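Commentary on secondary and tertiary structure
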Number of protein chains: 2
Amino acid sequence: MDFLEEPIPGVGTYDDFNTIDWVREKSRDRDRHREITNKSKESTWALIHSVSDAFSGWLLMLLIGLLSGSLAGLIDISAHWMTDLKEGICTEGFWFNHEHCCWNSQQVTFEDRDKCPEWNSWSQLIMSMEEGAFAYIVNYFMYVLWALLFAFLAVSLVKVFAPYACGSGIPEIKTILSGFIIRGYLGKWTLVIKTITLVLAVSSGLSLGKEGPLVHVACCCGNILCHCFNKYRKNEAKRREVLSAAAAAGVSVAFGAPIGGVLFSLEEVSYYFPLKTLWRSFFAALVAAFTLRSINPFGNSRLVLFYVEFHTPWHLFELVPFILLGIFGGLWGALFIRTNIAWCRKRKTTQLGKYPVIEVLIVTAITAILAFPNEYTRMSTSELISELFNDCGLLDSSKLCDYENRFNTSKSGELPDRPAGPGVYSAMWQLALTLILKIVITIFTFGMKIPSGLFIPSMAVGAIAGRLLGVGMEQLAYNHHDWAIFNSWCSQGADCITPGLYAMVGAAACLGGVTRMTVSLVVIMFELTGGLEYIVPLMAAAMTSKWVADALGREGIYDAHIRLNGYPFLEAKEEFAHKTLAMDVMKPRRNDPLLTVLTQDSMTVEDVETIISETTYSGFPVVVSRESQRLVGFVLRRDLIISIENARKKQDGVVSTSIIYFTEHSPPMPPYTPPTLKLRNILDLSPFTVTDLTPMEIVVDIFRKLGLRQCLVTHNGRLLGIITKKDVLKHIAQMANQDPDSILFN
Amino acid sequence: MDFLEEPIPGVGTYDDFNTIDWVREKSRDRDRHREITNKSKESTWALIHSVSDAFSGWLLMLLIGLLSGSLAGLIDISAHWMTDLKEGICTEGFWFNHEHCCWNSQQVTFEDRDKCPEWNSWSQLIMSMEEGAFAYIVNYFMYVLWALLFAFLAVSLVKVFAPYACGSGIPEIKTILSGFIIRGYLGKWTLVIKTITLVLAVSSGLSLGKEGPLVHVACCCGNILCHCFNKYRKNEAKRREVLSAAAAAGVSVAFGAPIGGVLFSLEEVSYYFPLKTLWRSFFAALVAAFTLRSINPFGNSRLVLFYVEFHTPWHLFELVPFILLGIFGGLWGALFIRTNIAWCRKRKTTQLGKYPVIEVLIVTAITAILAFPNEYTRMSTSELISELFNDCGLLDSSKLCDYENRFNTSKSGELPDRPAGPGVYSAMWQLALTLILKIVITIFTFGMKIPSGLFIPSMAVGAIAGRLLGVGMEQLAYNHHDWAIFNSWCSQGADCITPGLYAMVGAAACLGGVTRMTVSLVVIMFELTGGLEYIVPLMAAAMTSKWVADALGREGIYDAHIRLNGYPFLEAKEEFAHKTLAMDVMKPRRNDPLLTVLTQDSMTVEDVETIISETTYSGFPVVVSRESQRLVGFVLRRDLIISIENARKKQDGVVSTSIIYFTEHSPPMPPYTPPTLKLRNILDLSPFTVTDLTPMEIVVDIFRKLGLRQCLVTHNGRLLGIITKKDVLKHIAQMANQDPDSILFN
């Protein structure tokens, strides 16, 4: 009768849109590990198996690093080429992008290095016209046309093949890492379609970045590669460790910042992050970064996306403008989150959401039409940021560096002071317009049904604001050398303010305001400059920005989107601050019918089947008897259904009147009764319990730290009720005066 | 009768050498926070109080950073001066160290920059002799004499004033952070004495470093500063958050590596490290680093202890020697831990431990006598490491850079290839001798009754081994350009191997082998070089070293010392791998007398006092009745004693026959009985329970993650037994075949 001790297929797996039980998963992994270790003493083969099992994690990390690094390189190269395609094509070979095309050219001087005869704008190609109003219109038209084409392809592919490929993916990944199951979200189709559409979306010139989606792509790689290793394929908890590392690799390739990537994964996305994972994540992030560097998509052997080198130190007084930038970043973050969430809610609840293709096309058309006339909006956002971060050298041809006496270095060899030339003034105007456009259009772009990251647009907004302020400060210092504040550190003729640093600080502030990242933000920025020197300004801005933004709304953009979509995510950072007790939250409430329980040795198969069909609970407590209500264990609905079905099929004589028992030994039966059904093996004999007087703050803590699905409530040893993760989430929402029904997955 | 609802002084505090209850401490802090928040709505003053309370954490971090940075600067400067004092004195002013003395001198050429007339060796000063055998002997004698004097002062001060100031302090800090209480360990006396004796110990020339003790010093600062803030003074859990941040600041100033410091705190020392702490630690670490830099103790405006800049990239093939260094580091780590622990155990158990002063003097004498003749042992260990890391430039006068054609750069402007000159060969011999001395003497030094860190000696061992291997590789490449492996990347005339990088990799490997740090180690090393380029070699070496060392013994040096001293530390990294159940661990065991319990409303004061005097348990479960054994709550021995004493003093009519009740309402009493005593307010109504069939791996997990002191065990709703943290630790030791009685604090 004990043949049911054999594992039944399906027992211990999860349905879609359910939460995993971390404790059970980890126990299962430990069992597996114990078995392998014990066997390893028996034979050499088993020993090799045990060693290979121990190293499979590292191998997996290596593969994830290699794959996500390669994909990131591929995406970079294709996006670069397709972005240039909107403006023209290379006659030497259509597969060259603008820069590459002109590199190969022989007829280019250094100063006109981006104008070469091999590169043809569309007007040249179609009508052999280079200048003039008509050529401009043709180029304008082609620009918009390509943009619309790319956007249309992107949204259609997403809609038809992989609806999960849209957005940045980070809110969903956070939810998945916290233990939720969304099948297919990290599948191969999502990977393929997201990679392709990400290139299309970036190339279309929309105000979006590829950094967030790259995290999603890396997580898809991680998830898919997990299938090659038994250890990770079968265990949801172990798989999530791998996904945490993959997220680190994603950020690592997005910014070329491996340490920042690991801290991002730790701080922002991960839920369960043991130290072993920290070390492995670091390895994966490093492999990914070096793979990307050996592909060398930017053609400059640099690991980082925006490489900056500043020459002048900053002055203590400059902390004032840096903190102002922090305040700006915080305000922008709070404003963006509010308006974007309001717009996304509108999209969800009105007719708007039914026409994603038209929405994308309209936004693309508006973006492209407004972007083309202004060179700062026409260039890709990451190029723009790169130019804003740049400290003007002598050879820079950018308008932003058009200072009046840029070519006459002073005698002492120091850099000259810099009165702004006409180029700088016109650049200021264009940048101001760019700022307004980016602020407005990003609100409508993020959340559309295409892959869209938020890092780059946020950074662009901050970088523009920072550069504007920086140039302002610089000119102020130039024109008022005698003011006390400048006097002390700006000796005449010396360049004492670096507008590029202001741009960088502004970018950090805005990114911080939107995402509420802290350490990882500063470390990513630190890895861009490589100098500890500039950490203090960055930190000051990031701190101010977070405080300002937090004062206006507690949630970062990812948490806001999680709540908007109603994912069951239990935030690990927020303290639960209310003084309620477990008895206030548990089901059944005071006037509800009693808790549905099973008894350990007196219910028939039919009784149990009736309970299963009449309720929708995902599990049932098992008690000694209804009278005593003394708890024995907990059994999951899914396991119960599978086991009964299995027994009815395979075990002789199990009928509806068979007694189900959960005890060690079968209960004494009168003769001529049908055979009994033992289900102790699916019974969880160590359910978590709390007393009814336990403060909810402790219950929330237990749920978070142990990753529970449910917890039973007792009073003086008697079973009283049950609290599930969803009850906890509902209660938290209720306490925050939110609609508790909106928080369930829909 | 409810006047006892008022808090009784003493209830909720802990005895020395006890473990705190994290859950209770955190609840208390939340209560406090809730109260302040609620009040803040009432008046402006309360609002200001609430805001200042919120920012007090940041202020505290700022103060810790400033204080620990200043102390580190002070220690650096004094140790530098006193180390030089062993060799001579400056006639310009005795407070100048050698370098500083010769800086001020006018009569020095660049090449002889460390020889100036103002600096007098002892032989010059005493007998006006500069050269010759007798002068040498005088200097030798003075060197040993000063070393003995410093060591004697250090050990006497520690012995007389602050016995806790000895050692590195990291094992104890780990234990304290995990929730243990050792009063005075982080007190002001320890701070003062540790600071002074650290300088003395470092100056005495013993094979020890100041990095570990700096962490202890920073934690003392943190603990002392906590007393200025109510929020942290009264709450043991909050205080431990501050200590985690202080540990980060300590490493930050030790190496000039703020990010590495934070990761060290996260990875190595901390137990409970919420994200808020991460951000604050980073702030403290940064402030500390910048304070140290503005003090500028090394006189070079560098933040980092060993600043290195390498010019040549490494080649993939070089991973082979790097991995060899990793293996060496792992072997050294394992060997060191075993021998050091064996020696320390001998010290604890034999007569040896009774004469700490004599022991220190003997080791100092041996070290000084052996060290003086060899210039690499005579210089301070951090100078040695610095020289070993250094990539030879054209102007280096070190013997290690004595290459034959160092002054003729090749035509192409590349660095020449470098046949070793006689200086290099003699340096190799001296370094080999230094290596042997360091390896042997460090084993005996670490653990003596003076402040002693392990980072620097470990790094020195690795750096020497690395440099030896590096020079070997370099000469091999020079002499065998035609070998296939060198052929591909070493073009003739080019310098393709950087021995300094080998030294650095070796240092990382040895440090990793001893401490088993991973991410933090690599990040600290990365912050020294500032280039992502060299992370891969460092990581390869650190990984190999950890694997090799782990294969030979699971514990790092700190964990080994924790176990040696029997601190109750529950390691968070190790998985508990055995298949035992809660019922196998709980007390009472099968044949023991029944569990001592209190009943909720039927015991008299006398009954309870008898139980208290007859047992030594630190707490008692309260049940409904002895027959039902249904659990109501848990009451701590200390709280019970204090409350009963208090009631006997203050509450009228409480006598030995008074009934103690823990229920909401007093039980019905016959008339003319003495007044009852209500103790519900000291009853923990939400004790943690597990079932008797819960696997121990889950129990261990709960203890770790929630920071419990004890957990009650039930079976089918009836109370069965209790598991304390010590039971868990004993069980783990038993399972690992260790003597379970050795693990208790003694």
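Residues numbered from 1 in each chain as written. Chains lettered and ligands numbered in written order. Predicted model: local features only at pLDDT ≥ 70, side-chain atom pairs only at ≥ 80, totals over all residues. Heavy atoms only, no water.

**Overview of the overall build of chain A**
On a plain count of helices and strands, chain A comes out with 28 helices and 12 strands. On the principal axes, the C-alpha backbone points of chain A span a range of 110 × 60 × 60 Å. Within chain A, buried positions represent 61% of all 746 residues. A fraction of 73% describes how many contacts in chain A between residues 6 or more apart in sequence connect residues 24 or more apart. Taken as a whole, chain A presents about 30,000 Å² of accessible surface, with 61% of it coming from carbon and sulfur. (Helix = DSSP H or I, 4+ residues; strand = E, 2+ residues; numbered from the N terminus. Buried < 20%, exposed > 50% of the residue type's maximum accessible area, 1.4 Å probe, protein only. Contact = heavy atoms within 4.5 Å. Areas by Shrake-Rupley, 256 points an atom, 1.4 Å probe, with all protein chains shown as cover.)

**Considering the packing of aromatic side chains**
Any aromatic ring pair is given by two values, namely how distant the centres are and how the planes are angled relative to each other. Under the definition given, this model contains 49 aromatic pairs over all chains. Each ring, one from Trp279 of chain A and one from Phe282 of chain A, has its centre 6.4 Å from the other, and the planes form 20°; the classification is stacked. Of this pair, Trp279 of chain A and Phe282 of chain A both sit in helix α12 (residues 275–295), separated by 3 residues, roughly a single helical turn. Exposure class is identical for Trp279 of chain A and Phe282 of chain A. Each is buried. Among the aromatic residues, ring-to-ring pairing joins Phe55, Trp58, Trp279, Phe282 and Phe283 of chain A together with Trp547 of chain B into one connected group. In this structure, Arg378 of chain A packs its charged tip against the face of Phe372 of chain A, placed 4.4 Å from the ring centre. (Phe/Tyr/Trp six-rings, centres within 6.5 Å; stacked < 30°, edge-to-face > 60°. Lys NZ or Arg CZ within 6 Å of the ring centre and 35° of its normal.)

**Regarding the confidence of the model for chain A**
Residues and elements named next belong to chain A. For chain A, per-residue confidence averages 85 on the pLDDT scale, and residues scoring 70 or more make up 91% of the total. In the predicted structure, residues 1–5 sits below a pLDDT of 50 and forms 14 contacts with residues beyond four places in sequence or in another chain. Below a pLDDT of 50 lies the segment residues 410–415, which in the model reaches 5 contacts outside its immediate sequence neighbourhood of four places, other chains included. Among the prediction metrics, the complex's ipTM stands at 0.87, with pTM recorded as 0.89. (pLDDT = per-residue confidence, 0-100.)

**Looking at the UniProt feature "domain: CBS" (unreviewed entry) in chain A**
On the UniProt side, "domain: CBS" (unreviewed entry) is annotated at positions that read residues 586–650 and 682–742 of chain A here. A helix fraction of 37% and a strand fraction of 23% characterise residues 586–650 of chain A, whose end C-alpha atoms lie 38 Å from each other. (UniProt positions renumbered as here; feature names shortened; annotations may be inferred.)

**Structural notes on the relation of the copies chain B and chain A**
With an axial shift of 0.0 Å and an RMSD of 0.1 Å, the rotation relating chain B to chain A amounts to 180°. Those values place the two copies in the arrangement expected of a two-fold rotation axis. No C-alpha of chain B lies nearer the rotation axis than that of Gly717 of chain B, which sits 2.4 Å from it. Both copies contact each other with a shared surface, as 100% of the interface residues of chain B are interface residues in chain A too. (Least-squares fit on C-alpha atoms with pLDDT ≥ 70 in both.)

**Points about the pattern of salt bridges**
In the structure shown here, the tally under the stated rule is 52 salt bridges over all chains. Linking Glu35 of chain A and Lys39 of chain A is a salt bridge whose minimum nitrogen-to-oxygen distance equals 3.9 Å. Taken as a pair, Glu35 of chain A and Lys39 of chain A lie in helix α1 (residues 22–40) at a separation of 4 residues, close to a single helical turn. Given a relative accessible area of 48%, Glu35 of chain A falls into the partly exposed group. The exposure class of Lys39 of chain A is partly exposed, given its relative accessible area of 43%. Note that Glu236 of chain B is salt-bridged to Arg240 of chain B, the shortest N-O span being 2.8 Å. (Salt bridge = Lys/Arg side-chain N within 4 Å of Asp/Glu carboxyl O.)

**Description of the interface of chain B and chain A**
With 67 residues of chain B at the interface, the matching set in chain A holds 67 residues. Carbon and sulfur atoms supply 68% of the area buried between chain B and chain A, which totals about 6,300 Å² over both sides. If you sort the residues of chain B by the area they bury against chain A, Arg30, Trp279 and Asn716 of chain B come out on top, with a joint share of 12%. Viewed at the interface, chain A and chain B are joined by 8 salt bridges. Arg30 of chain A is paired through a salt bridge with Glu697 of chain B; the nearest N and O atoms lie 3.4 Å apart. Seen at the junction of chain B and chain A, the total is 15 residue pairs in polar contact (both at pLDDT 80 or more). (Buried area = accessible area lost by both parts, 1.4 Å probe. Polar contact = N/O pair within 3.5 Å; in protein donor to acceptor, adjacent residues only side chain to side chain.)

**What to know about the nonpolar core**
The biggest cluster of nonpolar side chains holds 382 residues, and the ones touching the most others in it are Phe282, Phe389 and Ile723 of chain A together with Phe282, Phe389 and Ile723 of chain B. Excluding residues that lie within four positions of it along the chain, Ile723 of chain B makes contacts with Ala582, Val585, Met586, Met696, Val699, Phe703, Arg709, Gln710, Cys711, Val713 and Val728 of chain B. Counting residues in hydrophobic clusters, the runner-up holds 22 residues, among them Val632, Val635, Leu640 and Ile682 of chain B. (Core = buried A, V, L, I, M, F, W, Y, C linked by side-chain atoms within 4.5 Å.)

**Thoughts on the sheet that holds strand β5 (residues 619–623) of chain A**
Residues and elements named next belong to chain A. Strand order in the open sheet formed by 4 strands is β3-β5-β6-β9, and the pairing between neighbours is mixed. In this open sheet, the two edge strands, each paired with only one partner strand, are β3 (598–599) and β9 (683–684). Note: β3 against β5, 2 bridges, orientation parallel. When the bridges of β5 are listed, Thr599 appears paired with Val623. Strands β3, β5 and β6 (631–636) of the sheet are contacted by helix α26 (residues 637–650), whose axis makes an angle of about 75° with β6. (Pairing = 2+ DSSP bridges. Axes fitted to C-alpha atoms, helices over the stretch in contact; angles between N-to-C directions.)

**Considering a nonpolar patch on the surface**
Residues and elements named next belong to chain A. A surface patch of nonpolar side chains, amounting to about 470 Å² of accessible area, comprises Val320, Ile323, Leu324, Ile327, Leu331 and Leu552. Turning to its location among the elements, Ile323 is positioned in helix α13 (residues 319–349). With relative accessibility at 35%, the residue Ile323 sits in the partly exposed group. (Patch = residues over 30% accessible without salt bridge, like charges linked within 9 Å, V, L, I, M, F, W, Y side chains within 5 Å.)

**Considerations on the packing of helix α2 (residues 44–85) of chain A against helix α7 (residues 188–203) of chain A**
Relative orientation and spacing of two packed helices are given, respectively, by the angle between their axes and the distance between those axes. Residue and element names in this part refer to chain A. Viewed as axis vectors pointing N to C, α2 and α7 meet at an angle of 35°, and their least axial separation amounts to 8 Å. Relative to α7, the crossing made by α2 is right-handed. From α2, Leu71, Ile75, Ser78, Ala79, Met82 and Thr83 reach across to α7, where they touch Leu191, Thr195, Leu198, Val199, Leu200, Val202 and Ser203. Partitioned by chemical class, the residues of the contact of α2 with α7 number 9 nonpolar, 4 polar and no charged. (Left-handed = near helix turned anticlockwise from the far one by under 90°. Nonpolar A, V, L, I, M, F, W, Y, C, P; charged D, E, K, R; others polar.)

**Some words on the sheet that holds strand β7 (residues 659–661) of chain B**
Strand pairing in a sheet takes place through backbone hydrogen bonds and is either antiparallel or parallel in direction. All names here are of chain B. One open sheet accounts for 3 strands, arranged β4-β7-β8; its pairing is mixed. For this open sheet the edge positions go to β4 (603–604) and β8 (677–678), each flanked by a neighbour on one side alone. Here β4 pairs with β7 via 2 bridges, running antiparallel. Bridge assignment links Met603 to a residue of β7, and that residue is Ile660.

**Re the pairing of strand β11 (residues 710–715) of chain A**
Along a regular strand, successive side chains alternate from one face of the sheet to the other. Residues and elements named next belong to chain A. Within β11, 5 of the 6 residues are buried, leaving the element largely enclosed by the surrounding structure. The pairing of strand β10 (residues 689–691) with β11 spans 3 bridges and is parallel. Opposite Val690, over in β11, you have Val713 as the bridge partner. In the classification by handedness, the crossover that spans β10, the intervening helix α27 (residues 696–706) and the parallel β11 is right-handed. Hairpin connection from β11 to strand β12 (residues 718–724): 2 residues lie between these consecutive antiparallel strands, with Asn716 at a positive phi of about 45°. (Right-handed = clockwise from strand over helix to strand, strands pointing away.)

**Observations regarding helix α20 (residues 499–515) of chain A**
Residue and element names in this part refer to chain A. Taking 1.5 Å of rise per residue, 17 residues should cover 24 Å, and α20 covers 24 Å from first to last C-alpha, within 8% of that figure. In terms of burial, α20 is largely enclosed, as 17 of its 17 residues are buried. Arg516, located one to two residues past α20, shows a positive phi value of around 60°. (Expected span 1.5 Å × (residues − 1).)

**Points about the side chain of Ser265 of chain B**
Mapped onto the elements of the fold, Ser265 of chain B is located in helix α11 (residues 258–269). In this structure Ser265 of chain B touches Ser244, Ala247, Ala248, Ser270 and Phe273 of chain B, once residues within four positions along its chain are discounted.

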